[in-house]
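# Summary of the model geometry
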Amino acid sequence: MSATSKPIPQLVCILAFDVSNRLAIRKLGSKAGLAFTGIDLAMAVTRLQTAFTHHSEPAESFTVTAGGRMHAVHFVQVTGDPKDAEIEFWSIEKLESSPGTMAPSLAAAVALLDDHLIEIPYLHIGENDFIYKFRPEKERNASIYAQDPVSSALYQSQLCVLIKTLARTHERTASEPVALNFGPVSYLVPSHFGFCLGVKNAIERAYETLAANPDRRVFMLSELIHNPYVNEDLLRRGLNYLQTDKGVPFTVTGEPAGPAPTTALLWDTLTPDDIVIIPAFGATDEDKRKLVRKGIAVCQYDATCMLVEKVWKAARAYGRSGHTVIIHGKVEHEETKATFSNTRRYAPAIIVRDLEETQMLGRIIASRDPEVRASFYTTFAGKHTPGFDINRHLERVAVVNQTTLLVNETRSIIAHLRDLYTQIYGPGETERVGGSGRTDTLCYATQVNQDALAKALAEPLDAAFVIGGKNSSNTYQLYRLCEKTLGARAYFIQSEANITSRESVEHFVFPSAREGRPYGKIVNRPLWPTLQGAKRVLVTGGASCPDGIIQQVITRLNSLFPRDQLRDLPAILADLEKTQ
């Protein structure tokens, strides 16, 4: 500032957003202006409180100069209708589409909102709080699983309830599997299987939202969970999806949009009256920004699993401590996309699919050959944050993970990186790989399901059936564990319908781009040529598999055996009740 220049006078302004992320503006004639300003924060808050009794603490966000005055901009979230008749709520999209209606100071502030849109829905919660905590069992809404015969058959199983009651002595610790002796066939069911708490939370949120809003359009950002039968039941009740699990938007006719769609997208039809639920996988910042702009409630319908959020919080902490975040995940998976998007706000990030890709990265890190180091940008194209600098951003790293992958694979990746950095920098540089041995971003539900399955696989078995959606990553990891032990006697199925006969099962082969199989496929695998000798079968389900389907698979397998030789279900239930 020169000796003759005058200081720019400063005002404080408060941008107040409602729960639908619409901005409170002051309407004066044909113009919309800043609603709450003052010479200091106290004055601005006083003016805010004349219109809204309840609001969050003001959060300082940015400064902007307009009309020769600097404005220190603070954000708050308000609830209730304004008590001031001049105050109206406008969506950011509406404001941006009507620049001529905005006073210069408001226009200047709105122009700088883009970098802050993600903060707006969560102004009322602290950064260490969780958006949607797991409900205690006594607060679960069990009635949503029995709304009609279709839902009851899908979700309810007296057999599974008894197995869980008997075997789950602790939610986070695997116990011995439960044996069900039907006579000519016995089943071994792990202590932990099926719905995890994050999935239960998301399902209950979806059904409750539909029931509470019969006169509003209710959308899911993408598939609620990776189970076709759950998603079909929600569609039957009026839910719609905005995009596929790969992020391709749907048109108003319900078709995935092509590269140059000629039909309007569902996204384009959204209004502040609509509801959009964010699934358990979370959402990218890009998708959340679109919702905020349209004036659609985000936090109220955000069903992101708190264990996914835990990964995000760990990535944020690593970024603030100067680490680049390596995400162990599938680049095409919704959860990994959301974690990558969230992480890039705080740190450079790279996605590695498995130990093999980590080893490829390690060779690049260890090399001093400029050509080898430059290969990073082609090898990891589309898997790193913009502006990634191979010479600066790989000096300190930390690993977080997609919660549905194999626990031991994440541990192997961390161990490999520790060994690598020790070789490069020496044993005294342990902090170059963040976490010092922590693996606490691993989802305990994924881990305990895998641990429980390992206990069951230690028993003699004739076959194993793993049940889940074709795009369910955690189900595929369970199948991989079974395949490692049983080979072709392990089957990945979606429901009892895939067990076509005693001789044949429709087994799903999971897609693998690395193996030249970009799309999954169904193959017929032999089951039992004869029923000679008693059979021992393992049955389990992924974290998105309803209990009803697990019982239906057992019922279908039983139908392959002579009925007069089978013990009936009441007898099995009586056996279980005796052991409680």
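A brief look at the structure comes next. Sequence order sets the numbering: in each chain, residues are counted from 1 along the sequence as written. Side-chain atom pairs in this predicted model are given and counted only at pLDDT of 80 or more, local residue features only at pLDDT of at least 70, and totals for whole chains, interfaces and linings cover all residues. Neither water nor hydrogens contribute to the side-chain values; these are computed over all heavy atoms in the structure.

## Looking at the overall build of the protein chain
- Helix and strand counts for the protein chain come out as 19 helices and 21 strands.
- Only C-alpha atoms enter the radius of gyration, while the globule expectation follows 2.2 Å times N to the 0.38, with N the number of residues. Taking 2.2 N^0.38 as the reference for a compact globule, 580 residues should give roughly 25 Å; the C-alpha atoms of the protein chain span a radius of gyration of 27 Å, in line with that estimate.
- Along the longest, intermediate and shortest principal axes, the C-alpha atoms of the protein chain span 100 × 65 × 50 Å.
- Expressed as a percentage of its 580 residues, the buried residues of the protein chain come to 54%.
- Whether two residues touch is decided by their heavy atoms; if any such pair falls within 4.5 Å, the residues are in contact. Taking all contacts inside the protein chain whose residues are at least 6 apart in sequence as the whole, residues at least 24 apart take part in 71%. Numbering goes from the N terminus for both helices and strands, where a helix is a DSSP run of H or I of at least four residues and a strand is a run of E of at least two. We call a residue buried when its accessible area falls under 20% of the maximum for its residue type, exposed when it is over 50%, and partly exposed in between, using a 1.4 Å probe and counting protein chains only.

## Remarks on the side chain of Ser367
- Of note, Ser367 is situated in the loop between helix H12 (355-366) and helix H13 (370-374).
- The class of Ser367 is buried, set by a relative accessible area of 14%.
- Those residues within four positions of Ser367 in sequence are excluded, and the remaining contacts are Val372 and Arg373.

## Here's the deal with the sheet that holds strand E16 (residues 397-401)
- Spatially, 3 strands are ordered E15-E14-E16 in an open sheet, and the strand pairing comes out parallel. Two strands bound the open sheet, and with one partner strand each, they are strand E15 (349-352) and E16. Across this sheet, the average inter-strand angle for adjacent strands is 25°, counted without regard to direction.
- Angles shown run from 0 to 180 degrees and are taken between the N-to-C directions of axes, each axis being a line fitted to C-alpha atoms and, for helices, limited to the stretch in contact. Relative to strand E14 (residues 324-328), helix H11 (residues 334-343) is tilted by about 175°, and along the sheet it contacts E14, E15 and E16. Pairing between two strands requires that DSSP report at least two bridges joining them.

## A closer look at the sheet that holds strand E10 (residues 185-189)
- Pairing within the open sheet is mixed, and its 5 strands lie in the order E9-E10-E21-E17-E18. The sheet terminates laterally at strand E9 (178-181) and strand E18 (490-493), the two strands that pair on one side only. Across the sheet, the mean angle separating the axes of adjacent strands is 20° when strand polarity is ignored.
- The pairing of strand E17 (residues 463-467) with E18 spans 4 bridges and is parallel. Its bridge partner lying in E18, Ile467 is registered against Ile493.
- Across the sheet, helix H5 (residues 158-167) touches E9 and E10, and the angle it forms with E9 is around 140°.

## Overview of the nonpolar core
- In terms of nonpolar packing, the biggest core is built from 128 residues, with Leu180, Ile203, Phe465 and Leu557 touching the most fellow members.
- Per element, the largest residue contribution to this core is 8 residues, and it comes from helix H10 (residues 306-320).
- Sequence-distant contacts of Phe465, defined by excluding residues within four places in its chain, comprise Tyr491, Ile493, Ile499, Val505, Leu527, Val537, Leu538, Val539, Thr540 and Leu557. Buried Ala, Val, Leu, Ile, Met, Phe, Trp, Tyr and Cys residues that are joined via side-chain atoms within 4.5 Å together make up what is termed a nonpolar core.

## Some details on the environment of Ala315
- You can see Ala315 is positioned in helix H10.
- Residue classification places Ala315 among the buried positions, given a relative accessible area of 0%.
- Placed 10 residues apart in sequence, Ala315 and Val325 show a C-alpha to C-alpha distance of 6.4 Å.
- Residues contacting Ala315, with those up to four places away along its chain left out, are Val325, Thr343 and Val400.

## Let's talk about unusual backbone geometry
- Not every positive phi belongs to a glycine, and Asn21 is a case in point at roughly 65°.
- Its place among the elements puts Asn21 in the loop between strand E1 (10-17) and strand E2 (23-28).
- Look at Asn21 and you get buried, because its relative accessible area is 0%.

## A short note on the packing of H10 against H11
- Across the interface, H10 lies against H11 with an axial gap of 9 Å and an inter-helix angle of 30°. In terms of orientation, H10 and H11 fall into the roughly parallel class. Here the hand of the crossing between H10 and H11 comes out right-handed. Here Val308, Val311, Trp312 and Ala315 of H10 lie close against H11, whose contacting residues are Glu335, Ala338, Thr339, Asn342 and Thr343. Any angle that is under 35 degrees is reported as roughly parallel, and any over 145 degrees as roughly antiparallel; angles of 65 to 115 degrees are reported as roughly perpendicular and all others as oblique. Here is the rule for handedness: rotate from the far helix to the near one, and if that takes an anticlockwise turn smaller than a right angle the crossing is left-handed, while a clockwise turn gives right-handed.

## A closer look at the side chain of Lys330
- Looking at where Lys330 falls in the secondary structure, it is placed in the loop between E14 and H11.
- One buried charged residue, Lys330, forms no salt bridge at all, with the nearest opposite charge on Glu332 at 5.5 Å.
- In terms of polar contacts, Lys330 uses its side chain to reach the side chain of Ser473, at 3.4 Å.
- In this structure Lys330 touches Thr336, Arg353, Gln402, Leu405, Ser473, Tyr476, Gln477 and Phe510, once residues within four positions along its chain are discounted. We score Asp and Glu as negative and Lys and Arg as positive, and we do not count His or the chain ends. When a carboxyl oxygen of Asp or Glu is within 4 Å of a side-chain nitrogen of Lys or Arg, the pair counts as a salt bridge. Pairs of N or O atoms within 3.5 Å make up the polar contacts considered here, provided that, within protein, one atom can donate a hydrogen while the other can accept it, and that residues adjacent in sequence are counted only when both atoms are side-chain atoms.

## Some points on helix H17 (residues 473-486)
- One less than the residue count of a helix, multiplied by 1.5 Å, gives the span that helix is expected to have. With 14 residues, H17 extends 20 Å from end C-alpha to end C-alpha; this agrees with the ideal 20 Å at 1.5 Å per step.
- Among the residues of H17, Ser473, Asn474, Thr475, Tyr476, Gln477, Leu478, Tyr479, Cys482 and Leu486 are the ones counted as buried.
- Gly487, located one to two residues past H17, shows a positive phi value of around 60°.

## Side note on the packing of aromatic side chains
- Between the rings of Phe, Tyr and Trp (Trp by its six-membered ring), a pair exists once the centres lie within 6.5 Å; its type follows the angle of the planes, with under 30 degrees stacked, over 60 edge-to-face, and the other angles tilted. One pass over the full model with this rule turns up 19 aromatic pairs.
- For the ring pair Tyr421 and Tyr425, a centre distance of 5.8 Å and an interplane angle of 25° mean the geometry is stacked. Residue Tyr421 and its partner Tyr425 are located together in helix H15 (residues 407-425), separated by 4 residues, close to a single helical turn.
- Ring plane angle 85° and centroid distance 6.3 Å describe the contact between Phe508 and Phe510, whose orientation is recorded as edge-to-face.
- An aromatic cluster of at least three residues, connected via ring pairs, comprises Tyr476, Tyr479, Phe492, Phe508 and Phe510.

## Here's the deal with the pattern of salt bridges
- Summed over the entire model, instances satisfying the criterion amount to 30 salt bridges.
- Taking the shortest distance from any N to any O, the salt bridge between Arg22 and Asp18 comes out at 2.9 Å.
- Residues Arg353 and Glu332 are paired through a salt bridge, measuring 2.8 Å at the closest nitrogen-oxygen approach. With Arg353 in the loop between E15 and H12 and Glu332 in the loop between E14 and H11, this residue pair connects regions lying 21 residues apart in the sequence.
- Since its relative accessible area comes to 28%, Arg353 is described here as partly exposed.

## Remarks on helix H1 (residues 41-51)
- When we look at burial in H1, the residues that qualify are Ala44, Val45, Leu48 and Ala51. Looking down the long axis of H1, one finds its buried residues gathered within 110° of arc, a one-sided arrangement.
- Elements in contact with the buried residues of H1: E1, strand E4 (36-38), strand E5 (54-55), strand E7 (69-79) and strand E8 (87-90). Relevant arc is that of directions from the helix axis to the C-beta atoms, nothing else.

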